[in-house]
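Now for the letters of each chain:
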Amino acid sequence: MTHDLKGLSPAYFGMVMATGIISLTAHFLDFELVAHSLFYLNLCFYGVLWVATIARFLVYRREFLLDVIDHLRGPGFFTLPAGSSVLGSQFIMLTDFTLAGRVLWVIAIVLWLTMTYTIFTAFTVKEEKPTLNKGITGGWLLAVVATQSIAVLSALIAVGMPQPYKLGVNFLALSMWLWGGMLYIWMMSLIFYRYTFFKFSPGDLAPPYWINMGAMAISTLAGSLLIVNVKDAPFLDSLLPFLKGFSVFYWATGTWWIPMLFILGIWRHVYKKFPLEYDPLYWGAVFPLGMYAASTHEMAGALGFHFLDFIPISFFYLALLAWSVTFLGLLRSLRPARL
């Protein structure tokens, strides 16, 4: 167990993100039993992972801190603010405990500030750096997901707040949405360059590459919620065409990635026969499927695109299947530890 704790992936809070967004999608589609069951399960995941993370920091501090400044593992820490935001969104949408959602919102913001300025400062000033093809993966886009997750939770919280706080929280949501979009452009340019101009092996196609799509899906969700909040914030009304246009732009970009990622997955596991074994990073592939379902549902409602209503239910079932398979993989991986 101590060995497992020593090597605990910083990205393990992706399990909270994946479970939370499928729960929220179930709520949007009126599968309330699934939504609430996954919510309570997610509370357990969140608590256990925080205990494990704190224990690793206390017992294996050197390994923990080395992960923070590692170009490959460091971005996984952005699952901490993202997971906190998704769980906070569950509290807001599924329960009457809105205070818990607001507390998680504050925690997520503090974690986002800490991770953003610690990790990227470390990457900037460290003397020995990997080359681009060795140092960047789709996991870097977890920084975008974390940013947009705060935009989503802020937009949800703003609905229940009085003025003038409603204006301020909506402005925070808008600012995070814009920053997340800019960050995606920066990072995706480097990732796509790495894709097309460096040797690409099956081992390089780690599950976090699905975040290429997931980052756009959560950006779509945040934009859709801002469109719904226009009635509460006049400055959003003046930006309405921009909000609508970029929300569709994000959705279309995320949609473009889906066939590409499936093709690359087939190339990896069928053509190249790369073994399919449980890895905590696979939660980073489950999350985008659930997020695409949720974001499409909310965008269709906000913009009246009801001809897209077949997509959320289809991807919900796909995401639920992927979650179940990954969860079974987790249980199987824990079996030797209990013997």
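Conventions used here
- Per chain, residue numbering runs from 1 following the sequence as it is written.
- At least 70 in pLDDT is required for a residue's local features to be given in this predicted model, at least 80 for side-chain atom pairs to be given and counted, and no such filter applies to totals for whole chains, interfaces and linings, which use all residues.
- Side-chain metrics rest on all non-hydrogen atoms present in the structure, leaving aside hydrogens and water.
- Numbered from the N terminus, helices here are DSSP runs of H or I no shorter than four residues, and strands are runs of E no shorter than two.
- Think of it in three bands: residues with accessible area under 20% of the maximum for their type are buried, residues over 50% are exposed, and the middle band is partly exposed, with areas taken using a 1.4 Å probe on protein chains only.
- Residues count as neighbours in contact if any of their non-hydrogen atoms are within 4.5 Å of one another.
- Only the protein chains shown count as cover for residues, with accessible areas throughout obtained via the Shrake-Rupley method and a probe of 1.4 Å.
- Charge assignment: positive for Lys and Arg, negative for Asp and Glu; neither His nor the chain ends contribute.
- Where a charge sits is defined by one atom per residue type, namely NZ (Lys), CZ (Arg), CG (Asp) or CD (Glu).
- Side-chain atoms within 4.5 Å are what join buried Ala, Val, Leu, Ile, Met, Phe, Trp, Tyr and Cys residues into a set we call a nonpolar core.
- Multiplying one less than the number of residues by 1.5 Å gives the expected span of a helix.
- Each Phe, Tyr or Trp ring (for Trp, its six-membered ring) is paired with any other whose centre lies within 6.5 Å, and the angle between the two planes then decides the class: stacked below 30 degrees, edge-to-face above 60, tilted in between.
- We call two N or O atoms a polar contact when they sit within 3.5 Å, provided that within protein one can donate a hydrogen and the other can accept it, with sequence-adjacent residues counted only if both atoms are side-chain atoms.
- Here a salt bridge means any side-chain nitrogen of Lys or Arg lying within 4 Å of a carboxyl oxygen belonging to Asp or Glu.
- Lines fitted to C-alpha atoms define the axes here, with helix axes fitted over just the stretch in contact, and angles between the N-to-C directions of these axes take values from 0 to 180 degrees.
- Angle categories: roughly parallel below 35 degrees, roughly antiparallel above 145, roughly perpendicular from 65 to 115, and oblique for all the rest.
- Two helices that cross are described as forming a left-handed crossing if the nearer one is turned anticlockwise from the farther one by less than a right angle, and a right-handed crossing if clockwise.
- Three residue categories are used. Nonpolar comprises Ala, Val, Leu, Ile, Met, Phe, Trp, Tyr, Cys and Pro, charged comprises Asp, Glu, Lys and Arg, and polar comprises the others, including Gly.

(A) Geometry of the overall build of the chain. On a plain count of helices and strands, the chain comes out with 14 helices and zero strands. When the helices and strands of the chain are placed in sequence order, the string is α-α-α-α-α-α-α-α-α-α-α-α-α-α. With the principal axes as the frame, the chain shows a C-alpha extent of 50 × 45 × 40 Å. Classification of the 339 residues of the chain by burial places 54% in the buried group. Within the chain, contacts between residues at least 6 apart in sequence are counted, and of these 82% link residues at least 24 apart. A total of about 15400 Å² of accessible surface is found on the chain, and carbon and sulfur atoms cover 72% of it. Averaging the positions of the 20 positive and the 16 negative side-chain charges in the chain gives two centres separated by 8 Å.

(B) Structural view of the nonpolar core. Within the largest apolar cluster, 114 residues are counted, with the highest numbers of intra-cluster contacts made by Leu141, Met213, Trp283 and Phe287. It is helix H8 (residues 142-159) that contributes the most residues to this core, 13 residues altogether. In contact with leucine 141, not counting residues within four places along its chain, are Tyr184, Met187, Met188, Ile191, Ile211, Asn212 and Ala215.

(C) Structural context of the side chain of threonine 220. On the secondary structure map, threonine 220 appears in helix H10 (residues 211-228). Its relative accessible area of 0% is what places threonine 220 among the buried residues. Not counting the four nearest positions on each side in its chain, threonine 220 is found in contact with Ser247, Tyr250, Trp251, Ser295 and Met299.

(D) Layout of helix H6 (residues 98-125). Taking 1.5 Å per residue, 28 residues should reach 40 Å; H6 reaches 40 Å between its end C-alpha atoms and fits that length. Here H6 has its buried residues at Gly101, Leu104, Trp105, Ala108, Leu111, Trp112, Met115, Thr116, Ile119, Ala122 and Phe123. Packed against the buried residues of H6 are helix H3 (32-59), helix H4 (61-68), helix H5 (79-94), H8 and helix H9 (165-197).

(E) Structural view of the packing of aromatic side chains. Applying the stated criterion to the full structure yields 37 aromatic pairs. Taken together, the ring pairs connect Trp177, Phe242, Phe246, Phe249 and Tyr250 into an aromatic cluster.

(F) Here's a closer look at the side chain of threonine 116. With respect to the helices, strands and loops of the structure, threonine 116 is situated in helix H6. Given the relative accessible area of 7%, threonine 116 is considered buried. Within the structure, the side chain of threonine 116 is placed 2.7 Å from the backbone oxygen of tryptophan 112, a separation counted as a polar contact. Filtering out sequence-adjacent residues up to four positions away, threonine 116 remains in contact with Phe78 and Thr121.

(G) Spotlight on the pattern of salt bridges. In total, this model carries three salt bridges according to the counting rule given. Residue glutamate 63 pairs with lysine 6 through a salt bridge whose shortest N-O separation is 3.9 Å. With glutamate 63 in helix H4 and lysine 6 in helix H1 (residues 2-6), this residue pair connects regions lying 57 residues apart in the sequence. The salt bridge involving arginine 56 is made with aspartate 67; its shortest N-O contact spans 2.6 Å. Residue arginine 56 is found in helix H3, and its partner aspartate 67 is found in helix H4; the two are separated by eleven residues along the sequence. Overall, the relative accessible area of 3% leaves arginine 56 in the buried class.

(H) Representation of the packing of helix H2 (residues 14-28) against helix H13 (residues 283-303) within the structure. For the pair H2 and H13, interaxial distance at closest approach is 8 Å and the crossing angle is 25°. In terms of axis orientation, H2 runs roughly parallel to H13. Crossing hand, H2 versus H13: left-handed. Along the contact surface, H2 presents Gly14, Met15, Met17, Ala18, Ile21, Ile22, Thr25 and Phe28, while H13 presents Trp283, Val286, Phe287, Gly290, Met291, Ala293, Ala294, His297 and Glu298. Residue classes in the contact of H2 with H13 are distributed as twelve nonpolar, four polar and one charged.

(I) Focus on the environment of tyrosine 250. Note that tyrosine 250 resides in helix H12 (residues 240-271). We classify tyrosine 250 as buried; its relative accessible area is 5%. Sequence spacing of tyrosine 250 and alanine 52 is 198 residues, and the spatial spacing of their C-alpha atoms is 35 Å. Setting aside its immediate chain neighbours within four residues, tyrosine 250 contacts Trp177, Gly181, Met216, Ser219 and Thr220.

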